[in-house]
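Topology and contacts: notes
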Amino acid sequence: MTELRQRVAHEPVAPPEDKVMCVQIKCFHEIITIGYNVYHSYDLPWFRTLSWYFLLCVNYFFYGETVTDYFFTLVQREEPLRILRFCMFVLSLVKKHYRLQFYMFGWTHVTLLIVVTQSHLVIHNLFEGMIWFIVPISCVICNDIMAYMFGFFFGRTPLIKLSPKKTWEGFIGGFFATVVFGLLLSYVMSGYRCFVCPVEYNNDTNSFTVDCEPSDLFRLQEYNIPGVIQSVIGWKTVRMYPFQIHSIALSTFASLIGPFGGFFASGFKRAFKIKDFANTIPGHGGIMDRFDCQYLMATFVNVYIASFIRGPNPSKLIQQFLTLRPDQQLHIFNTLRSHLIDKGMLTSTTEDE
């Protein structure tokens with residue numbers, strides 16, 4: 001089993017952003033189509049063309065941002081693209097429909113904010129390690145299923161008017177079930193390098209790989225159990241991965257705040273008197289109907305990683321250092337060397353002095 005884990009970790013992996021991009025494009029298409037169906041009778045020119053061009057520009061910018069951040073490849077994010085986008089919109093303005101066209105301009109950009117920006121955060125989470133993507137998305141799915149189960153069997157008290165079928169019993173039952181599920185799933189996945197290692201680009205093989213020495217976050221630790229709980233279960237200590245503690249925060253958000261992404265989507269659909277965003281999945285609506293909570297969850301995970309997990313990465317700092325001019329590299333080298341000598345970690349030689 002150990003050999004299998006190591007072999008899987010060394011194998012090249014497909015670029016994770018491709019799948020996210022496909023979902024993002026489909027979600028964008030579903031929301032833009034709603035706007036088009038509402039306002040198409042006014043025969044506004046270039047609405048769809050401009051919408052897709054805006055999507056292209058934003059993705060071009062964000063993709064360059066991701067490549068630069070993670071692999072330090074120089075990608076030109078040209079300003080003329082955004083200037084041309086603005087000019088095309090101004091040229092498309094039609095007399096007597098200015099207000100409506102600016103409504104649609106806002107519609108497109110809010111859609112970009114909801115779909116593209118949060119898809120970009122999903123890609124960032126994927127590069128931190130597959131576990132930061134699989135555990136949160138699984139917690140949202142688990143909460144959706146368990147809230148339905150508890151609501152179906154025990155539901156009596158309505159939760160919110162936007163979703164009449166949601167009940168407090170289902171909401172609370174789903175919360176406890178999701179926390180337990182998150183702990184168990186985290187325990188299983190934390191033992192595999194292919195899930196916990198960040199995605200890195202290997203210049204030698206020209207491919208993405210997941211291979212690292214797992215951090216302390218994914219090493220079993222022994223924790224003391226509070227005295228009150230000891231008297232109930234009879235255990236004094238428990239061995240678990242530190243990531244499991246973080247999974248409690250992730251599953252709690254997925255259970256208590258995540259559903260509000262679905263409530264927001266329900267309110268949006270009621271405003272336009274539609275049942276689903278699309279009929280892409282027979283009986284389940286469109287892709288956006290399945291990802292309304294996932295996008296909100298992705299934003300939280302990205303903020304959580306940035307606030308509590310991510311620290312300075314030596315390999316990334318070195319790559320950034322190598323992109324500087326020689327005189328800048330020499331200045332940093334001398335500054336670091338002087339600092340290490342002052343700390344007593346290096347000794348200065350007569351030649352250096």
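First, a word on what this report is: a plain description of the structure on this page. Note that the structure is a prediction, hence the values are computed from the model and not measured.

**Focus: the state of the cysteines**
As used in these notes, a disulfide is a covalent bond between sulfur atoms, one from each of two cysteines. By the definition in use, this model includes 1 disulfide. Free of any disulfide, Cys194 has its nearest cysteine sulfur in Cys197, 8.4 Å distant.

**A look at a nonpolar patch on the surface**
Taken together, Ile141, Ile145, Tyr148, Met149, Phe152, Phe153 and Phe154 make up a surface patch of nonpolar side chains, about 780 Å² in accessible area. Following the sequence through the fold, Phe153 ends up in helix 6 (residues 131–154).

**Concerning the layout of surface pockets**
Of the voids in this model, the largest pocket is the one considered here, and its volume is about 1500 Å³. Lining of the largest pocket is provided by 40 residues; of these, Asp144, Lys166, Ser266, Asp289 and Arg290 occupy positions nearest its centre. Every element with two or more residues in the lining of the largest pocket is listed here: helix 6, strand 2 (163–167), helix 7 (168–189), helix 10 (242–256), helix 11 (259–271) and helix 12 (287–309). If you tally residues by element for the lining of the largest pocket, the top one is helix 6, at 10 residues.

**Examining the environment of Phe272**
In this fold, Phe272 is placed in the loop between helix 11 and helix 12. For Phe272, a relative accessible area of 27% translates into the label partly exposed. In the structure, Phe272 is positioned 234 residues away from Val38 in sequence and 8.5 Å away in space, judged by C-alpha atoms. Setting aside residues up to four positions removed in sequence, Phe272 forms contacts with Ile34, Val38 and Trp107.

**What to know about the packing of helix 5 (residues 98–128) against helix 12**
Where helix 5 meets helix 12, the closest approach of the two axes is 8 Å, and the angle between their N-to-C directions is 55°. Overall, the two elements helix 5 and helix 12 adopt an arrangement that is oblique. The element helix 5 and its partner helix 12 pack so that their crossing is left-handed. For the pair helix 5 and helix 12, contact is made by Ile114, Val115, Gln118, Ser119, Leu121, Val122, His124, Asn125 and Glu128 and by Met288, Tyr295, Leu296, Ala298, Thr299, Val301, Asn302 and Ile305, respectively.

**What to know about the packing of aromatic side chains**
The full count for this structure, using the stated rule, is 20 aromatic pairs. When the centroid spacing of 5.1 Å and the interplanar angle of 80° are considered together, the rings of Phe260 and Phe263 count as edge-to-face. Of this pair, Phe260 and Phe263 both sit in helix 11, 3 residues apart, which is roughly one turn of that helix. A residue is classified by how much of its surface remains accessible, and Phe260, at 44% relative accessible area, is partly exposed. Both rings, one in Phe268 and one in Phe277, keep their centres 5.6 Å apart while their planes meet at 15°; by these two values the pair is stacked. In this structure an aromatic cluster arises from ring pairing among Trp107, Phe268, Phe272 and Phe277.

Here is what the cut-offs are and how they apply
- Residues numbered from 1 in each chain as written.
- Predicted model: local features only at pLDDT ≥ 70, side-chain atom pairs only at ≥ 80, totals over all residues.
- Heavy atoms only, no water.
- Disulfide = S-S within 2.5 Å.
- Patch = residues over 30% accessible without salt bridge, like charges linked within 9 Å, V, L, I, M, F, W, Y side chains within 5 Å.
- Areas by Shrake-Rupley, 256 points an atom, 1.4 Å probe, with all protein chains shown as cover.
- Salt bridge = Lys/Arg side-chain N within 4 Å of Asp/Glu carboxyl O.
- Helix = DSSP H or I, 4+ residues; strand = E, 2+ residues; numbered from the N terminus.
- 1 Å grid on protein atoms, 1.4 Å probe; cavity = no way out; pocket = protein on both sides within 12 Å on 5 of 7 lines; lining within 4 Å.
- Points joined across faces, edges and corners; volume = space filled by probe spheres on them.
- Buried < 20%, exposed > 50% of the residue type's maximum accessible area, 1.4 Å probe, protein only.
- Contact = heavy atoms within 4.5 Å.
- Axes fitted to C-alpha atoms, helices over the stretch in contact; angles between N-to-C directions.
- Parallel < 35°, antiparallel > 145°, perpendicular 65-115°, else oblique.
- Left-handed = near helix turned anticlockwise from the far one by under 90°.
- Phe/Tyr/Trp six-rings, centres within 6.5 Å; stacked < 30°, edge-to-face > 60°.

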